[in-house]
Amino acid sequence: MHSILDKEINSKILSIFDSLNSRDIKYCHWKSNSHLDKSFESICDFDLLIDSEEATNFEDFLHELNFKKKFSSANYVYPGFADYLGFDEYSGKIFHFHIHYKLIVGKKNQKNYRIPIEKLILDTAVPHDTFPIRTILPELEFLLLIIRSLLKFSFDLKTIKRILLKRKVFPQNILEEFRYLSEKIDHELFSNYCNDLFSDLSWLFRVFCFKSPEQISLLWLMIARYRLNRSLKNFQIYQGSQFANQRRIRIRAAKNNLSWLSNGGISIAFVGVDGAGKTTTISLIRTWLISKLSVQTYYMGLPKGDFIWEFIRLFYRIFKKLKINWLSDKINLLRNIYSATSKYKTFLDSERVKNQGNIVLFDRYPLKNLGNLDEPIDGPVSQSSPFWQALEKKYYEKIKPPDYLFVLLTDHEDAINRKSEHQSTFKQNQIREKTRAIFQLVKSNQNSLIPVNSSRNQDEVLLEIKNKIWGVL
């Protein structure tokens, strides 16, 4: 059925649903089926309704496929809901599965209605026309779309702005779903479901069969929302002060929104000589992860842009130019100490952020192994009295190694050719020395050290790094 799609869509996700369809687990994709293609391309998430009696079997199935359970702060946590992330090792894409065991709907941070029709939806689910996935019956999806849209609707500043600018009450994605489903539903079957499930509101739902949301007046929508809220009162999860407390908790949690995996946060440093591609790699890895998980990046090089650092640096240059060497040397020592303390403070901040569940990415991480060079790589540089050396070294020794160290290996000739500023003899000799030190580091065989050949095509390098990161998450 989907052989034509295999070239366009990741075979991994297709095989997952092929495997799921062969198992005796009741499931279906219950909303936003108008853009399922984007879900299969990992642009959008999957929203799967699963038979609650099959919860353990289904989650065991996901674990077999190396899916990882995702945890979130209180603003994303609801009863009967779980989050899983899957990875396609061939494309490097991450797939996000929202797992629903109960149908809970409502406004953002206020999902407070459980619509108890899960069994009906699962029993009437149908195979999708194009993709190897079971989907909710269009008539039931249309009914739920009306309920979800009215519950989310409110005459607030955001709605007023949208009406004034676009003359639309509902967001564009909601309107697209209405158009998609209105062309697929059987009106008689839809009316029957409305009468059977919500007889007191069947008149309200049928209006959407004949009019698009853009044609319905604002006043009518406000009345419809009021009637729907009254009718669904018995389906509320929380009421009164309980609801107010839950809403308050979710709104506060949203201000510090976090998502993490079972390991509770890890730190990953990327090291390599100038020209190995560290900064570009970190930027691309951050973009890859941040749409699904909480990520923070830290630069552990010189604290450029820092007011105190720039102030010390200015005086160093002035006295150097005036050839007052004894004073410029002292200021240079002070500069080195300030750099060390700044890096240590950055490390402490990163530890707090990591322990909150973030994935922490480091650029220019200081390593003890690389501090014995004439030009050390991001480590201690003082070479004067033992006192200054010990003071600087004390701060660097407090900086513990990252959980994982990705070493980007590249031939020194490649590193030299990648940047125009590497063409001087001094710089070339410096890169050769650092390249030897990096390769020596790899020979230390540390368990947390992960070597990657970065001399290849960037896409190949990035895919290997993604696979290795997924393996340690």
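Residues numbered from 1 in each chain as written. Predicted model: local features only at pLDDT ≥ 70, side-chain atom pairs only at ≥ 80, totals over all residues. Heavy atoms only, no water.

(A) Quick look at the overall build of the protein. Tallying secondary structure elements over the protein gives 18 helices and 15 strands in all. Counting the 473 residues in the protein, one finds 49% classified as buried. (Helix = DSSP H or I, 4+ residues; strand = E, 2+ residues; numbered from the N terminus. Buried < 20%, exposed > 50% of the residue type's maximum accessible area, 1.4 Å probe, protein only.)

(B) Molecular detail of the confidence of the model for the protein. A residue-level look at the protein finds 88% of positions with pLDDT of 70 or above and a mean pLDDT of 87. Every residue in residues 1-8 is under pLDDT 50, and counting partners more than four places away or in other chains gives 12 contacts. Across residues 371-376, confidence stays below pLDDT 50; counting only partners more than four residues off in sequence or on other chains, it has 11 contacts. (pLDDT = per-residue confidence, 0-100. Contact = heavy atoms within 4.5 Å.)

(C) Region of interest: a positive patch on the surface. A contiguous patch of positive charge on the surface is contributed by Arg247, Arg248, Arg252 and Lys255. Counting through the fold element by element, Arg252 comes out in helix 11 (residues 240-254). Of the residues examined, Arg252 reaches a relative accessible area of 60% and is grouped as exposed. (Patch = residues over 30% accessible without salt bridge, like charges linked within 9 Å, V, L, I, M, F, W, Y side chains within 5 Å. Areas by Shrake-Rupley, 256 points an atom, 1.4 Å probe, with all protein chains shown as cover. Salt bridge = Lys/Arg side-chain N within 4 Å of Asp/Glu carboxyl O. Lys, Arg positive; Asp, Glu negative; His and termini not counted. Charge placed at Lys NZ, Arg CZ, Asp CG, Glu CD.)

(D) Summary view of the environment of Leu189. You can see Leu189 is positioned in helix 8 (residues 187-197). Considering only alpha carbons, one finds Leu189 and Leu140, 49 residues apart in sequence, at a separation of 9.5 Å. Beyond its immediate stretch of four places on either side in the chain, Leu189 contacts Leu137 and Glu139.

(E) Geometry of the nonpolar core. Grouped together as the largest cluster of nonpolar side chains are 50 residues, with contacts concentrated most on Phe270, Ile285, Ile359, Tyr365, Val407, Ile465 and Ile469. Among the elements that take part in this core, helix 18 (residues 458-472) stands out by supplying 6 residues, more than any other. Discounting residues that sit within four places of it in the chain, Val407 has contacts with Val271, Ile438, Leu441, Val442, Leu449, Ile450, Pro451 and Val452. Within the second largest apolar cluster, 44 residues are counted, among which are Ala125, Leu140, Ile146 and Ile174. (Core = buried A, V, L, I, M, F, W, Y, C linked by side-chain atoms within 4.5 Å.)

(F) Just the side chain of Ser42, in detail. Here Ser42 lies in the loop between helix 2 (36-40) and strand 2 (46-50). The buried category is assigned to Ser42, whose relative accessible area is 16%. In this view, Ser42 contacts Lys93, Ile94, Phe95 and Lys292; residues no more than four positions away in its chain are not counted.

(G) Main features of the sheet that holds strand 13 (residues 359-363). Read from one edge of the open sheet, 5 strands run 12-13-11-14-15, paired in parallel fashion. Of all the strands in the sheet, the pair left with one neighbour each is strand 12 (295-299) and strand 15 (449-453). If you compare each strand with its neighbour and ignore which way they point, the axes differ by 20 degrees on average. Pairing geometry for strand 11 (residues 266-271) and strand 14 (residues 404-409), over 4 bridges, is parallel. Across the sheet, the residue bridging to Phe270 is Phe406, located in strand 14. Across the sheet, helix 12 (residues 278-290) lies against strand 11, strand 12, strand 13 and strand 14, angled at about 165 degrees from strand 13, the strand it touches most. In this fold helix 14 (residues 325-355) packs onto strand 11, strand 12 and strand 13, with an angle of close to 170 degrees to the strand it touches most, strand 12. (Pairing = 2+ DSSP bridges. Axes fitted to C-alpha atoms, helices over the stretch in contact; angles between N-to-C directions.)

(H) Molecular detail of unusual backbone geometry. Although it is not a glycine, Asn66 sits at a positive phi angle of roughly 65 degrees. Along the chain, Asn66 turns up in the loop between helix 3 (55-64) and strand 3 (68-72).

(I) Examining the environment of Asp349 more closely. Tracing the backbone through its elements, the reader meets Asp349 in helix 14. Assessed through its relative accessible area of 30%, Asp349 is described here as partly exposed. Looking at Asp349, its side chain comes within polar contact range of the side chain of Tyr298, at 2.8 Å. (Polar contact = N/O pair within 3.5 Å; in protein donor to acceptor, adjacent residues only side chain to side chain.)

(J) Highlighting a nonpolar patch on the surface. Where nonpolar side chains cluster on the molecular surface, the patch consists of Phe307, Ile308, Phe311, Leu314, Phe315, Ile318 and Leu322 and spans about 700 Å² of accessible area. You can see Ile318 is positioned in helix 13 (residues 307-321). Residue Ile318 is classed as partly exposed on the basis of its relative accessible area, which comes to 37%.

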